[in-house]
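Structural characterization, general
What follows is the residue order along each chain.
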Amino acid sequence: MDPNKKIIFSGIQPSGSLTLGNYLGALRNFGKLQDSYNCYYCVVDMHTLTVRQNPADLRERSYALLALYLACGLDPDKNVLFMQSHVPCHAELSWILGCYTYIGELSRMTQFKDKSQRHADNINGGLFTYPVLMASDILLYKTDLVPIGVDQKQHLELARNIAERFNNIYGDTFVVPEPFIPQNSAKIMSLQEPDKKMSKSDTNVNNFILITDPADVIMKKFKRAVTDSGCEIVYNEAEKPGISNLINIYASVNDMSREEVMKEFEGKRYGDFKIAVGSAVAETLDPIQKRYNEYIADKAYLDGIFKKNAGIAREHAEKTIKEVYEKVGFIVY
Ligand code: TRP
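Residues numbered from 1 in each chain as written. Predicted model: local features only at pLDDT ≥ 70, side-chain atom pairs only at ≥ 80, totals over all residues. Heavy atoms only, no water.

Observations regarding the site of the ligand
Condition: Throughout, near means a residue has at least one heavy atom within 4 Å of the molecule or strand. Nitrogen and oxygen atoms within 3.5 Å of one another constitute a polar contact, given that in protein one can donate a hydrogen and the other can accept it, and given that sequence-neighbouring residues count only through two side-chain atoms. Each accessible area is a Shrake-Rupley estimate made with a 1.4 Å probe; only the visible protein chains count as cover when residues are assessed. A run of H or I in DSSP counts as a helix once it spans at least four residues, and a run of E counts as a strand once it spans at least two, with each numbered from the N terminus.
In the region of the ligand, the neighbouring residues are Phe9, Gly11, Gln13, Val44, His47, Tyr130, Met134, Asp137, Ile138, Val146 and Gln152. In this structure, Tyr130 approaches the ligand through a side-chain N or O atom, which is 2.7 Å from a nitrogen atom. Separating a nitrogen atom of the ligand from a side-chain N or O atom of Asp137 is a distance of 2.7 Å. Burial of the ligand by the surrounding chains reaches 89%, relative to a free accessible area of 370 Å². Taken together, the elements giving at least two residues each to the shell around the ligand come down to strand S1 (7-12) and helix H7 (125-140). Ranked by residues supplied to the shell around the ligand, first place goes to H7 with 4 residues.

What follows is the structure in structure tokens.
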């Protein structure tokens, strides 16, 4: 860890497969950050238990997430890729910070309200205190920057409030984290309902492309993508959300501007464009999938990375916990 570099922390739930949206919007850019920042990427397995999980699937998806991160170009020697449950400090800090978080604040979290509706038969305590655990993840590492999507902004805001509240009572302890939107990260929308973000938890599989989707599936999904009335391939988010999304995807995978894409497809038909976008995406994902398949077949290698990085993360986290325990008045040896 270079003390002169800022700290980035991101948590990813192993609760489903990652999509093209995750890749183009976030993952693809993470590799570029590894030399300029100290980066922590945490597989937040504890967070997933707020909704029912199949144990065998959860374990497999945790490995899959690490394999995918490696396949996307994250160097395991330059980034701390680790599992939340391997570092007990996350749960420990979560208890402490829970005592500095108000029920009123937690009740206002829109994700809690959404998930309570969707899982009405299992509105558990963990679902309610989820943002406290997330604040602990972030604050444990004295994080400066948190790459997040808009859906997590409210949770980050709460983490900032908790940090400030604690600092006000006990003196400077936590760094108050800022949101971080990586440069040129594309926002990818659903292929069937382009006014919605592409999401892995969508019930309609035609809405998203998974990073691990085979080429024929990718082609099929793009051919089915909704387009708009008219026939010109021009960018207009309000009137042509479907075509605009496809333009963004094509531009993003080919590192082109929207104007260049429009020029290339001037006078071409929607159908031809959809096939071109599908092929470009399949081609981009192909080498990632090959690397992914190699990594996922080597559990011993993945375990080695998890073990080594758990040690590195723990060292940093334990320092913070000790500091917090001392401040609140525990006897610390
Ligand atoms: N709540 C985040 C999500 O659902 C995952 C998460 C947990 C996280 N801890 C975090 C994200 C810390 C950023 C930082 O996407």
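Right, picking up where we left off after that structure.
A word on the environment of Pro3
Looking at where Pro3 falls in the secondary structure, it is placed in the segment before S1. Residues Pro3 and Gln192, 189 residues apart in the sequence, show an inter-C-alpha distance of 46 Å.

Regarding the domain arrangement of the protein
How we decide: What fixes the domain bounds is an automatic or database domain assignment. Contacts were defined at the residue level, with two residues in contact if any of their heavy atoms lie within 4.5 Å. What gets called buried area is simply the loss in accessible area from a 1.4 Å probe that two parts show on being joined, summed for both.
Segmentation of the protein into domains returns domain 1 (7-181 + 299-328) and domain 2 (205-293). Taken residue by residue, the interface counts 13 residues in domain 1 and 16 residues in domain 2. Both faces considered, domain 1 and domain 2 share a buried interface measuring about 1200 Å² in area, 72% of it formed by carbon and sulfur atoms. By the criterion of area lost to domain 2, the three top residues of domain 1 are Leu20, Tyr23 and Ala71, representing 42% of everything that side buries. The interface formed by domain 1 and domain 2 includes 4 residue pairs in polar contact (both at pLDDT 80 or more). Among the secondary structure elements, those contributing two or more residues to the side of domain 1 that touches domain 2 are helix H1 (20-33) and helix H3 (55-71). The biggest single contributor to the side of domain 1 that touches domain 2 is H1, with 5 residues.

A word on the nonpolar core
Cut-off, in case you're wondering: We define a nonpolar core as any set of buried Ala, Val, Leu, Ile, Met, Phe, Trp, Tyr and Cys residues linked to one another through side-chain atoms lying within 4.5 Å. Any residue under 20% of the maximum accessible area for its type is buried, any over 50% is exposed, and the rest in between are partly exposed; the area is computed with a 1.4 Å probe on protein chains only.
Of all hydrophobic cores here, the largest spans 64 residues; its most connected members are Tyr69, Phe222, Phe273 and Val281. Element by element, the count of residues in this core is highest for helix H12 (residues 270-296), at 10 residues. Split by domain, the residues of this core number at least three in each of domain 1 (7-181 + 299-328) and domain 2 (205-293). In this view, Val281 contacts Leu20, Ile209, Ile218, Phe222, Ile249 and Val253; residues no more than four positions away in its chain are not counted.

Thoughts on unusual backbone geometry
At Lys142, a residue that is not glycine, the phi angle is positive and equals roughly 50 degrees. Position of Lys142 relative to the elements: it lies in the loop between H7 and strand S4 (145-147).

Here's the deal with the pairing of S1
Defined as follows: Pairing between two strands requires that DSSP report at least two bridges joining them. Think of it like this: strands point away, you trace from the first strand over the helix to the second, and a clockwise trace means the crossover is right-handed.
The element S1 is largely enclosed, with a buried count of 5 among its 6 residues. Relative to strand S2 (residues 38-43), S1 is paired through 6 bridges, and the arrangement is parallel. By the bridge assignment for S2, Gly11 is matched with Cys42. What joins S1 to S2 is H1, and the crossover it makes is right-handed.

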